[in-house]
Amino acid sequence: MMKSTFRWGLPLIILASLLWGSLFLYYPIEIRPLAALQAFLPDGDEIAKITVTDLRLPRALVGMILGANLAVAGALLQTITRNPLASPTLLSVNSGASLAMVTASAFSPLILSGYSIALVASIGGGLSWFVVMLISNGWKDNSGDRSRVILAGIAVSLLCAALTKLVLIIAEDHAFGIMSWLAGGIAHARWNELLTLFPFFILTALFCLFFASRLNLLNLSDESARSLGINLFRLRWYANIMALLIVGSSVSVAGPVAFIGLLVPHLARYWIGYDLRKSLPMAMLLGAILMLAADTIARAVNFPSEVPAGAVLALIGAPVFVLFARGRH
């Protein structure tokens, strides 16, 4: 009991500390730590209230939800493909969603309003994911074929990246804004972005609640899972659609944020175990921690200016990915 309490309590304390710190750390307008909390009281400082509630709090909440959603997306893709290196980035979901967003913003910017942004990104990610699965024969039940999914994903990602650069060259008038968005980050996040992400966060939580026990069966052989009465084709489709919606909504708000979907599921399994009923909620918690930490570091490294949080995550994730890849040999 003590061990279980520690495993959940420590990440919650870290997350609460990061959330508090994000309200006053490394912002041009200086606010004392206690004043950040007093901003929620009726008699709090007016400047602190405006700064915290309109700028810092929505940004922090967007970061938490973004990290939680991407962590679950990575866990779902790793479970579907039975490949520990699977992630939205390596399987081209991010790059496909980014290509769709860049193309739409360059040639039809009027359609990018409200939830149509998430829809466009989800469709782009879905199409690239479909191409990856088609190339790698990932629809087959033979799990041995799924080792080729990563290579197909890298190839399609490179293709999408090349097409994205081509669109940027053609639509150079929009290039600066698009390039800033492609770097990935939540510096612009306000309440509108939170309202875009929040329904997908609720959907993610409900999916984890109702499907985690059945998703555990995907770790068995297909024959064993079918003998227990599980429709594997339908379950995989549900998980695929959920992952695409999560990634699409996340990319529409923060750009192609990388490595959370790769790293966090591994950390969650190491910390709490392989049972998805526990590891999926833990992945959400650790994903929120990693995204908040990356956003805080992004503000700190070049204060009072800031670098994109996506760049910080890449610096953290790239060496860890190399370690994961070496560990497979």
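Notes on the structure follow. (Residues numbered from 1 in each chain as written. Predicted model: local features only at pLDDT ≥ 70, side-chain atom pairs only at ≥ 80, totals over all residues. Heavy atoms only, no water.)

1. As for the pattern of salt bridges
Consideration 1: Evaluated as defined, the whole model comprises four salt bridges.
Consideration 2: Salt-bridge contacts for Asp 295 lead to Arg 59; the nearest nitrogen and oxygen are separated by 2.8 Å. Of the two residues, Asp 295 is situated in helix α12 (residues 276-300) and Arg 59 in helix α3 (residues 46-81); the sequence distance between them amounts to 236 residues. Neither Asp 295 nor Arg 59 differs from the other in exposure class; each is buried. (Salt bridge = Lys/Arg side-chain N within 4 Å of Asp/Glu carboxyl O. Helix = DSSP H or I, 4+ residues; strand = E, 2+ residues; numbered from the N terminus. Buried < 20%, exposed > 50% of the residue type's maximum accessible area, 1.4 Å probe, protein only.)

2. Observations regarding the environment of Ile 170
Consideration 1: Looking at the secondary structure, you find Ile 170 in helix α6 (residues 149-170).
Consideration 2: On the accessibility criterion, Ile 170 (55% relative accessible area) is exposed.
Consideration 3: Considered as a pair, Ile 170 and Ala 106 are 64 residues apart in the sequence and their alpha carbons are 8.8 Å apart.

3. Quick notes on empty space enclosed by the protein
Consideration 1: Counted by the stated rule, this structure contains one cavity of 30 Å³ or more.
Consideration 2: A volume near 40 Å³ is recorded for the largest cavity.
Consideration 3: Around the largest cavity sit Leu 70, Ser 87, Pro 88, Thr 89, Asn 94, Val 257, Phe 259, Ile 260, Gly 261 and Leu 262, which together line it.
Consideration 4: Broken down by element, the residue count for the lining of the largest cavity peaks at three residues, all from helix α11 (residues 260-272). (1 Å grid on protein atoms, 1.4 Å probe; cavity = no way out; pocket = protein on both sides within 12 Å on 5 of 7 lines; lining within 4 Å. Points joined across faces, edges and corners; volume = space filled by probe spheres on them.)

4. Re the layout of surface pockets
Consideration 1: Here the largest pocket defines a volume of roughly 400 Å³.
Consideration 2: Lining of the largest pocket is provided by 15 residues; of these, Ser 95, Ser 98, Ser 157, Ala 161 and Pro 256 occupy positions nearest its centre.
Consideration 3: Residues that form the lining of the largest pocket fall into these classes: eight nonpolar, six polar and one charged. (Nonpolar A, V, L, I, M, F, W, Y, C, P; charged D, E, K, R; others polar.)

5. Focus: helix α8 (residues 191-215)
Consideration 1: For α8, built from 25 residues, the straight-helix expectation of 36 Å at 1.5 Å per residue is met to within 8% by its first-to-last C-alpha distance of 33 Å.
Consideration 2: Along α8, the helix axis deviates most sharply at Leu 209, where the bend reaches about 40°.
Consideration 3: Glu 193, Leu 194, Thr 196, Leu 197, Phe 200, Thr 204, Phe 207, Cys 208, Phe 211, Ala 212 and Leu 215 are the residues of α8 that are buried. (Expected span 1.5 Å × (residues − 1). Bend = angle between axes of the 7 residues up to and from the residue.)

6. Things to note about the packing of α11 against α12
Consideration 1: Between α11 and α12, the shortest axis-to-axis distance is 8 Å and the interhelical angle comes to 125°. Taken together, α11 and α12 sit at an angle that is classed as oblique. Pair α11 / α12 crosses with right-handed handedness. For the pair formed by α11 and α12, the contact residues are Ile 260, Val 264, Leu 267, Ala 268, Arg 269, Trp 271 and Ile 272 on the first element and Lys 278, Ser 279, Met 282, Ala 283, Leu 286, Gly 287, Leu 290 and Met 291 on the second.
Consideration 2: Residues that form the contact of α11 with α12 fall into these classes: 11 nonpolar, two polar and two charged. (Axes fitted to C-alpha atoms, helices over the stretch in contact; angles between N-to-C directions. Parallel < 35°, antiparallel > 145°, perpendicular 65-115°, else oblique. Left-handed = near helix turned anticlockwise from the far one by under 90°. Contact = heavy atoms within 4.5 Å.)

7. What about a nonpolar patch on the surface?
Consideration 1: A grouping of Phe 107, Leu 159, Leu 163, Leu 166 and Ile 170 is seen on the molecular surface, where their side chains present a nonpolar patch of about 490 Å² in accessible area.
Consideration 2: With respect to the element layout, Leu 159 can be found in helix α6. (Patch = residues over 30% accessible without salt bridge, like charges linked within 9 Å, V, L, I, M, F, W, Y side chains within 5 Å. Areas by Shrake-Rupley, 256 points an atom, 1.4 Å probe, with all protein chains shown as cover.)

8. Structural notes on unusual backbone geometry
Leaving glycine out, the prevailing phi sign among residues is negative, and the prevailing peptide bond configuration is trans.
Consideration 1: Look at Tyr 26: it is not a glycine, yet its phi comes out positive at around 55°.
Consideration 2: Mapped onto the elements, Tyr 26 comes out in the loop between α1 (2-22) and α2 (33-38).
Consideration 3: Of the residues examined, Tyr 26 reaches a relative accessible area of 39% and is grouped as partly exposed.
Consideration 4: Its identity is not glycine, yet Phe 259 carries a phi of approximately 75°, on the positive side.
Consideration 5: One can find Phe 259 in the loop between α10 (232-254) and α11.

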